[in-house]
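# Understanding the architecture of this molecule
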Amino acid sequence: MNPANGSIGVFDSGIGGLSVANAVSRLLPRESILYVADNGRAPYGPQPPEAILAYSREITTALLASGAKMIVVACNTATAVAIDALRQEYPAVPFVGMEPALKPAAEGKRIGVLATAATLSSERYLALKDRYLSKQEVLEDACVGLVPIIEAEVPGSPRLRHTLKKILMPMVAKGIDTLVLGCTHYPMVQADIAAVCGENVRIIDPSVAAAKQVARLLPYPFVGTSGRAHNFYCTGGSVSLQRTLLGLPDLNGDRALVVPNLKLKNLPNGG
Ligand code: DGL
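Definitions and limits used
Residues numbered from 1 in each chain as written. Predicted model: local features only at pLDDT ≥ 70, side-chain atom pairs only at ≥ 80, totals over all residues. Heavy atoms only, no water. Near = heavy atom within 4 Å. Polar contact = N/O pair within 3.5 Å; in protein donor to acceptor, adjacent residues only side chain to side chain. Areas by Shrake-Rupley, 256 points an atom, 1.4 Å probe, with all protein chains shown as cover. Nonpolar A, V, L, I, M, F, W, Y, C, P; charged D, E, K, R; others polar. Helix = DSSP H or I, 4+ residues; strand = E, 2+ residues; numbered from the N terminus. Contact = heavy atoms within 4.5 Å. Pairing = 2+ DSSP bridges. Axes fitted to C-alpha atoms, helices over the stretch in contact; angles between N-to-C directions. Parallel < 35°, antiparallel > 145°, perpendicular 65-115°, else oblique. Left-handed = near helix turned anticlockwise from the far one by under 90°. Phe/Tyr/Trp six-rings, centres within 6.5 Å; stacked < 30°, edge-to-face > 60°. Buried < 20%, exposed > 50% of the residue type's maximum accessible area, 1.4 Å probe, protein only.

## As for the site of the ligand
As a matter of local geometry, the ligand sits amid 13 residues, with Ser13, Tyr44, Asn76, Thr77 and His185 nearest to it. With respect to the ligand, the backbone of glycine 45 contributes an N or O atom lying 2.8 Å from an oxygen atom. Protein coverage of the free-state accessible area of the ligand, which is 300 Å², stands at 99%. Residue classes in the shell around the ligand are distributed as five nonpolar, seven polar and one charged.

## Topic: the environment of leucine 181
Within the element layout of this structure, leucine 181 appears in strand β7 (residues 178-181). Between the C-alpha atoms of leucine 181 and cysteine 75, which are 106 residues apart in sequence, the distance is 12 Å. Ignoring any residue separated from it by four or fewer positions in sequence, one finds leucine 181 in contact with Leu114, Tyr186, Pro187, Gln190, Ile193, Ile203, Ile204, Asp205 and Pro206.

## Some thoughts on the sheet that holds strand β10 (residues 255-259)
Spatially, six strands are ordered β4-β3-β1-β2-β9-β10 in an open sheet, and the strand pairing comes out parallel. The two strands at the open ends of the sheet, each matched to only one other strand, are β4 (95-96) and β10. Examined bridge by bridge, strand β2 (residues 33-37) and strand β9 (residues 230-234) share four bridges and lie parallel to one another. For valine 36, the partnering residue across the bridge sits in β9 and is tyrosine 233. Sheet contacts for helix α2 (residues 49-65): β1 (7-12), β2, β3 (68-73) and β4; angle to β1, the most-contacted strand, approximately 160°.

## Here's the deal with the packing of α2 against helix α3 (residues 76-89)
Interaxial distance between α2 and α3 falls to 9 Å at its minimum, and their mutual angle equals 55°. By the angle class used here, α2 and α3 are oblique. Note that α2 runs across α3; the crossing there is right-handed. Taking contact as the criterion, the partners of Pro49, Ile52, Leu53, Ser56, Arg57 and Thr60 in α2 are, on α3, Thr77, Ala78, Val81, Ala82, Ala85, Leu86 and Glu89. Tallied by class, the residues present in the contact of α2 with α3 amount to eight nonpolar, three polar and two charged.

## Some details on the packing of aromatic side chains
Applying the stated criterion across every chain yields a total of two aromatic pairs. With 5.9 Å between their ring centres and 50° between their planes, tyrosine 35 and phenylalanine 232 make a pair best called tilted. With tyrosine 35 in strand β2 and phenylalanine 232 in strand β9, the pair connects residues that are 197 residues apart, well separated along the chain. Judged by its relative accessible area of 0%, phenylalanine 232 is buried. Aromatic side chains tyrosine 44 and tyrosine 55 sit 5.3 Å apart centroid to centroid with 40° between the ring planes, which places their arrangement in the tilted category. Highlighted residues: tyrosine 44 in the loop between β2 and α2 and tyrosine 55 in helix α2, separated in sequence by 11 residues. Both residues of the pair, tyrosine 44 and tyrosine 55, count as buried.

## Some remarks on the side chain of serine 56
With respect to the element layout, serine 56 can be found in helix α2. Judged by its relative accessible area of 0%, serine 56 is buried. Engagement of the side chain of serine 56 in a polar contact is seen with the backbone oxygen of isoleucine 52, the distance being 2.8 Å. Setting aside its immediate chain neighbours within four residues, serine 56 contacts Phe11, Ala78, Ala82 and Leu86.

## Observations regarding the sheet that holds strand β6 (residues 137-141)
The pairing of strands in a sheet happens through backbone hydrogen bonds and is either parallel or antiparallel. Spatial strand order, β6-β5-β7-β8: four strands in an open sheet with parallel pairing. Since the sheet does not close on itself, it has two edges, and those belong to β6 and β8 (202-204), each with one partner. For this sheet, the mean angle separating the axes of adjacent strands, direction not counted, is 20°. Most of the contacts of helix α9 (residues 190-197) go to β7, to which it runs at about 160°, and overall it touches β7 and β8.

## Concerning unusual backbone geometry
Of the consecutive residues alanine 42 and proline 43, the connecting peptide bond is found in the cis state with omega at -5°. Relative to the elements of secondary structure, proline 43 occurs in the loop between β2 and α2. Not every positive phi belongs to a glycine, and tyrosine 220 is a case in point at roughly 45°. Structurally, tyrosine 220 can be placed in the loop between α10 (207-217) and β9. Its relative accessible area of 46% is what places tyrosine 220 among the partly exposed residues. In this structure, asparagine 261 is a non-glycine residue whose phi angle is positive, near 50°.

What is shown is where atoms sit, not what they do.
Next up, the structure:
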């Protein structure tokens with residue numbers, strides 16, 4: 001591979017990582033993205049760490065074999081479980097991960113954290129909480145069933161609103177002033193979350209901060225003259241990804257391929 005032509009590899013269990021990929025695409029308008037949505041094995045959140053680690057390893061290997069010059073683990077769950085091992089296995093590759101934005105949340109007094117069960121029980125998350133939120137009251141919810149609903153439904157749907165109310169109303173009733181979106185799927189429905197929480201709750205979406213970190217660590221910025229192309233692969237069906245892309249002009253405008261039912265060993269070279 002000519003490193004100058006490498007894509008930025010991004011993966012998640014589904015459409016969630018598009019919130020990060022979209023911010024990356026906006027900030028770095030010459031770079032191409034190679035995106036894997038592992039929706040055939042999602043959701044990751046309720047699964048054992050060993051399974052999440054094995055998926056993350058397999059996808060990272062496939063992305064690198066296809067010419068990715070860096071890897072964005074656009075999934076809080078995979079970051080919590082796998083990023084340390086991935087960094088050890090590929091010491092020359094820059095990795096950017098996602099973790100619940102507890103540091104910026106520390107300005108608040110009563111903090112709600114939405115994240116998957118695997119993230120909330122990870123050592124990484126517990127250490128972060130200890131470090132930044134030891135004086136605040138923290139209310140957590142593992143949002144059981146929410147990720148599949150976000151994959152299946154359009155924003156604003158009654159089923160989505162109903163589920164969000166069940167999760168958020170108890171937190172709002174207890175007076176949270178800050179809400180951390182600790183799973184990359186949740187910013188995809190941020191308008192619905194905000195509508196349930198009301199205007200007194202500050203909502204923290206870390207996508208833009210993650211994109212800035214990608215820009216800081218970017219090896220071999222693209223210097224050629226050809227246009228960029230974003231390629232998207234799903235290990236399951238592509239309906240949800242296609243639909244979501246339509247609402248993300250920063251990504252959709254340069255969309256080249258959307259490939260469903262991918263076998264990871266055969267990731268076509270989009271790098
Ligand atoms: N989007 C993912 C995250 O940021 C995982 C969702 C899931 O598959 O459970 O945690």
